[in-house]
Amino acid sequence: MWTDHRSARTRGYGARRWTAAGGGMSVEIRPISRADVAAVVSMVHELAEYERAPRECHLTEAQLEAALFADRPALFGHVALIDGEPVGMALWFLNFSTWRGVHGVYLEDLYVRPTARGTGIGRALLATLAAVCAERGYERLDWWVLHWNPAREFYHSIEAVPMDEWVPYRLTGPALRSLAEQAPTAKSEDLQSSMRGDAG
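Note that the coordinates shown come from a computational prediction; the quantities given were computed from them, not determined experimentally.

### Looking at the overall build of the chain
At step 1: The secondary structure content of the chain amounts to six helices and seven strands.
At step 2: Taken from N to C terminus, the helices and strands of the chain fall in the order β-β-β-α-α-β-β-β-α-β-α-α-α.
At step 3: Out of the 200 residues belonging to the chain, those deemed buried represent 32%.
At step 4: The long-range share in the chain, meaning contacts at least 24 apart out of those at least 6 apart in sequence, stands at 51%.
At step 5: With the model as given, the accessible surface of the chain reaches about 13,300 Å², and the carbon-plus-sulfur share is 54%.

Given below as structure tokens:
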């Protein structure tokens, strides 16, 4: 359980500080800075190990820094610190619901280091993203979780709904490249202009 000492003016996307109930550890949750990149990359690899797929994770510090701090970033993130030490993180990006007509947040990675589990940091990270949604008028916060992950019990406790009727699909590797070769021919600059929304 955390006691929230934020003022109304500081609630939202910026830094959030909590103190464990009864005193003790001081927790801060804030947007990832460049100084946090190495720790966040390390936690992404720790998450891949936890999910039994360490060889599938190839993220580098250069890749994450470029994604988070581009001129127009498509990836965002928060880091959780206990007494200044990184112990958790959330990496996320925006999606869009054509049924609701508004953006939402897709949570790509949520991770809390073993030494900090059970302290409420996972809930605090999710609450931070929920606040981003509420303050921006987004109506959905989505994420995937492995069937065997015990965190599912916690997700049920906060009334998150499993989307059991949906089956996720993914194209990657040779299959992705094969389909790409079937795309109508277009100049690379035309495709880039289309993605930017430039007038044709």
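### Digging into the confidence of the model for the chain
The predicted structure's coordinates, where accompanied by low pLDDT, should not be read in detail.
At step 1: In the predicted model, the chain carries a mean pLDDT of 88, and the fraction of residues at 70 or more is 82%.
At step 2: For the stretch residues 1-12, pLDDT sits under 50, and the model shows 27 contacts to residues farther than four places along the chain or on other chains.

### Quick word on the packing of aromatic side chains
Given two aromatic rings, their pairing is described by the distance between the two centres and the angle made by the two planes.
At step 1: Inspection of the entire model under this criterion finds five aromatic pairs.
At step 2: Geometrically, the ring pair formed by Y50 and W148 is tilted, given 5.7 Å between the ring centres and 55 degrees between the ring planes. With Y50 in helix α1 (residues 37-50) and W148 in the loop between β7 (141-143) and α4 (151-157), this pair connects stretches of sequence that are 98 residues apart.
At step 3: Using a relative accessible area of 35% as the deciding quantity, one classes W148 as partly exposed.

### Let's talk about the side chain of D36
At step 1: Here D36 lies in the loop between β3 (26-31) and α1.
At step 2: Engagement of the side chain of D36 in a polar contact is seen with the backbone nitrogen of S33, the distance being 2.8 Å.
At step 3: With residues up to four places along the chain from it excluded, the contact list for D36 reads R30, P31 and V79.

### Things to note about unusual backbone geometry
At step 1: A positive phi angle, close to 65 degrees, is found at R52, a residue other than glycine.
At step 2: Mapped onto the secondary structure, R52 falls in the loop between α1 and α2 (61-68).
At step 3: Its identity is not glycine, yet D83 carries a phi of approximately 50 degrees, on the positive side.
At step 4: Along the chain, D83 turns up in the loop between β4 (76-82) and β5 (85-97).
At step 5: Residue class for D83 comes out exposed when judged on its relative accessible area of 58%.

### Let's talk about the pattern of salt bridges
At step 1: Enumeration according to the criterion identifies five salt bridges in this entry.
At step 2: Here R100 and E139 are joined by a salt bridge, their closest N and O atoms 2.5 Å apart. Taken together, the positions of R100 in the loop between β5 and β6 (102-112) and E139 in the loop between α3 (121-136) and β7 put the pair 39 residues apart, joining distant regions of the chain.
At step 3: A relative accessible area of 45% places R100 in the partly exposed class.
At step 4: Looking at E139, the relative accessible area reads 46%, which means it is partly exposed.
At step 5: Linked through salt bridges whose partners overlap, the residues forming this network are E28, R30 and D36.

### Quick word on the packing of α1 against α2
At step 1: At a minimum axis distance of 9 Å, the contact between α1 and α2 shows a crossing angle of 115 degrees. Accordingly, the angle class assigned to the pair α1 and α2 is roughly perpendicular. Once α1 is placed against α2, the crossing between them reads as right-handed. The residues of α2 that touch α1, namely those facing V37, A38, V40 and V41, are E61, L64 and E65.

Rules used throughout
Per chain, the residues get numbers from 1 upward, laid out in the order the sequence is written. Where totals are concerned, whole chains, interfaces and linings use all residues; where local detail is concerned, this predicted model gives features only for residues with pLDDT of at least 70, and gives and counts side-chain atom pairs only at 80 or more. Here the side-chain values reflect all heavy atoms present in the structure, with hydrogen atoms and water set aside. Helix and strand labels come from DSSP, where a helix needs a run of H or I of at least four residues and a strand needs a run of E of at least two; each type is numbered from the N terminus. Burial status follows relative accessibility: with a 1.4 Å probe on protein chains alone, a residue under 20% of its type maximum counts as buried, one over 50% as exposed, and anything between as partly exposed. Any two residues whose heavy atoms approach within 4.5 Å at even a single point are treated as in contact. Reported accessibility uses the Shrake-Rupley method at a 1.4 Å probe radius. Residues are deemed covered only where the shown protein chains occlude them. Known as pLDDT, the predictor's confidence for each residue is given on a scale from 0 to 100. For this analysis, a ring pair means two rings from Phe, Tyr or Trp (six-membered ring only for Trp) whose centres lie within 6.5 Å, classed as stacked if their planes differ by under 30 degrees, edge-to-face if by over 60, and tilted for the remaining angles. N or O atoms closer than or at 3.5 Å make up a polar contact, with two conditions inside protein: a donor-capable atom paired with an acceptor-capable one, and, for residues adjacent in sequence, both atoms drawn from side chains. Put simply, a salt bridge is a Lys or Arg side-chain nitrogen that is within 4 Å of an Asp or Glu carboxyl oxygen. Fitted lines through C-alpha atoms give the axes, limited to the stretch in contact for helices. The angle between two N-to-C directions lies from 0 to 180 degrees. Reported orientations rely on four angle classes, namely roughly parallel under 35 degrees, roughly antiparallel over 145, roughly perpendicular from 65 to 115, and oblique for the rest. Left-handed describes a crossing whose near helix is turned anticlockwise from the far helix by less than a right angle; the clockwise case is right-handed.

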